[in-house]
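# Descriptive analysis of the structure
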Amino acid sequence: MKVQKVMVIGAGQMGSGIAQVCAMAGYDVKLHDLKQEYLDRGFGTISKNLTRQVDKGRMSEEEKQATLGRLTPSIDLQNASDVDLVIEAAVENMDIKTKLFSQLDEIAPQNAILATNTSSLPITEIAAATKRPEKVIGMHFMNPVPVMKLVEIIRGLATADEVYQVIEDMTKTLNKVPVEVNDFPGFVSNRILMPMINEAIYTLYEGVATKEAIDEVMKLGMNHPMGPLTLADFIGLDTCLYIMETLHEGFGDDKYRPCPLLRKYVKAGWLGKKSGRGFYTYEG
């Protein structure tokens, strides 16, 4: 089983980053989304990232053009009919993902691997929407994808050893570090990170300290490159809330209960950097 052709579903921040690193590693990549405008935005981001690499002397202009030449836009899911691997990076919603995987199961070649970049949802449940659960796997990239080295590789209940091996080997060709994780809510990264962010929000909610002070304590005292409230704004407060709800529901433990302040901000539309306001305000 060899991966040469890849389809990435979702041209947002994560999907465009995944498509970029796959194309840089020499894979032929179809970047798929529902609308041309989403694709235009995704391709614009990739082009800007690659230009920055050229300006910094990390890549030649020829390498940039070759990378862009390996990327093809797609707005028709039928384009998955000749790929070896699909990496889904659509919105973090179980209904959307299971519907997508059910469609992909019909379209993609029988030997194709179907991977999901979900940050918290059960791989086993997504795999159950297909007739090939042994070929379904989690590939959780970190944001920003071109910079961050980690990829959590998550086995579903039925994931075949051979499929795991193919994905582990392929991840290394992307200049990433694969780490094997089992299928539990939030996996490892978000099971540890999100309760920490949630606790920082509780600390603000209870008036223990200002947002600036909380972030400063974690940066200077724990050597975190970014404070937890700033990080929450960058991730998106709606995403943080969704993952906390997934953990709370998945484990049934009140230690994962989302902070009321987090719910309030999300209801107000204060989603962080992407909406211009979260715990901090952002211009432009």
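Residues numbered from 1 in each chain as written. Predicted model: local features only at pLDDT ≥ 70, side-chain atom pairs only at ≥ 80, totals over all residues. Heavy atoms only, no water.

## Re the overall build of the protein
For the protein, the helix and strand inventory stands at 11 helices and 8 strands. Computed over the C-alpha atoms, the radius of gyration of the protein is 19 Å, within 12% of the 19 Å expected from 2.2 N^0.38 for a compact globule of 284 residues. Seen along its three principal axes, the alpha-carbon backbone of the protein occupies a region of about 55 × 45 × 35 Å. Buried residues in the protein amount to 48% of all 284 residues. Taking the contacts inside the protein whose residues are at least 6 apart along the sequence as the reference set, 67% of them involve residues at least 24 apart. (Helix = DSSP H or I, 4+ residues; strand = E, 2+ residues; numbered from the N terminus. Rg over C-alpha atoms; globule rule 2.2 N^0.38 Å. Buried < 20%, exposed > 50% of the residue type's maximum accessible area, 1.4 Å probe, protein only. Contact = heavy atoms within 4.5 Å.)

## So, the layout of surface pockets
As a volume, the second largest pocket reaches approximately 660 Å³. Forming the boundary of the second largest pocket are 25 residues, of which Q20, N49, V145, P146 and V147 lie nearest the centre. Those elements that place two or more of their residues in the lining of the second largest pocket are α1 (13-24) and α2 (36-55). Residue classes in the lining of the second largest pocket are distributed as 9 nonpolar, 10 polar and 6 charged. (1 Å grid on protein atoms, 1.4 Å probe; cavity = no way out; pocket = protein on both sides within 12 Å on 5 of 7 lines; lining within 4 Å. Points joined across faces, edges and corners; volume = space filled by probe spheres on them. Nonpolar A, V, L, I, M, F, W, Y, C, P; charged D, E, K, R; others polar.)

## Some thoughts on the pattern of salt bridges
Under the definition given, this model contains 13 salt bridges. A salt bridge links D161 to R155, with the nearest nitrogen and oxygen atoms 2.9 Å apart. Overall, the relative accessible area of 58% leaves D161 in the exposed class. A salt bridge links R155 to E180, with the shortest nitrogen-to-oxygen separation between them at 2.7 Å. Taken as a pair, R155 in strand β7 (residues 150-155) and E180 in strand β8 (residues 177-182) lie far apart in primary sequence, 25 residues in all. (Salt bridge = Lys/Arg side-chain N within 4 Å of Asp/Glu carboxyl O.)

## Looking at the pairing of strand β2 (residues 28-32)
For a regular strand, the rule is simple: side chains alternate between the two faces of the sheet. Of all 5 residues making up β2, 4 are buried, and the element is well covered by its neighbours. Pairing of strand β1 (residues 5-9) with β2 involves 5 bridges; the strand directions are parallel. Its bridge partner being in β2, M7 is matched across the sheet by K30. Handedness of the β1-α1-β2 crossover: right-handed. The pairing of β2 with strand β3 (residues 71-74) spans 4 bridges and is classified as parallel. (Pairing = 2+ DSSP bridges. Right-handed = clockwise from strand over helix to strand, strands pointing away.)

## As for the side chain of D215
Its location among the elements puts D215 in helix α8 (residues 211-222). For D215, which is buried and forms no salt bridge, the nearest opposite charge comes from K219, at a distance of 6.5 Å. Side chain to side chain, D215 and T230 meet in a polar contact 2.7 Å long. (Lys, Arg positive; Asp, Glu negative; His and termini not counted. Polar contact = N/O pair within 3.5 Å; in protein donor to acceptor, adjacent residues only side chain to side chain.)

## Some thoughts on the nonpolar core
Membership of the largest hydrophobic core comes to 36 residues, with the highest contact counts inside it found for L85, I87, F141 and M170. At 6 residues, α1 tops the list of elements feeding residues into this core. In this structure I87 touches V6, M7, V8, I9, I18, C22, A115, M139 and F141, once residues within four positions along its chain are discounted. Core analysis: the second largest hydrophobic core is formed by 23 residues, I214, M244, L261 and L262 among them. (Core = buried A, V, L, I, M, F, W, Y, C linked by side-chain atoms within 4.5 Å.)

## Quick notes on unusual backbone geometry
Each neighbour pair has its own omega, and for N143 with P144 the value is -5°, a cis peptide bond. Summarising the element assignment, P144 is placed in the loop between β6 (136-141) and β7. One non-glycine residue, N175, lies in positive phi territory at about 65°. One can find N175 in the loop between α6 (161-173) and β8. Note on N175: relative accessible area 53%, which makes it exposed. The phi angle at F187 is positive, at roughly 55°, despite the residue not being glycine. By secondary structure assignment, the location of F187 is in the loop between β8 and α7 (189-205).

## What about the packing of aromatic side chains?
Tallied over the entire structure, the rule returns 5 aromatic pairs. Each residue in the set Y265, W270 and F279 is aromatic and connected to the rest through ring pairs, giving one cluster. Cation over ring: R155 sits above Y164, and NZ or CZ is 4.4 Å from the ring centre. One residue, K211, lies across the ring of Y280, its end atom 5.6 Å from the ring centre. (Phe/Tyr/Trp six-rings, centres within 6.5 Å; stacked < 30°, edge-to-face > 60°. Lys NZ or Arg CZ within 6 Å of the ring centre and 35° of its normal.)

## Some words on the UniProt feature "domain: 3-hydroxyacyl-CoA dehydrogenase NAD binding" (unreviewed entry) in the protein
When the UniProt feature table is mapped onto this chain numbering, "domain: 3-hydroxyacyl-CoA dehydrogenase NAD binding" (unreviewed entry) sits at residues 5-183. Taken end to end, residues 5-183 comprises 41% helix and 22% strand; its first and last C-alpha atoms sit 26 Å apart. (UniProt positions renumbered as here; feature names shortened; annotations may be inferred.)

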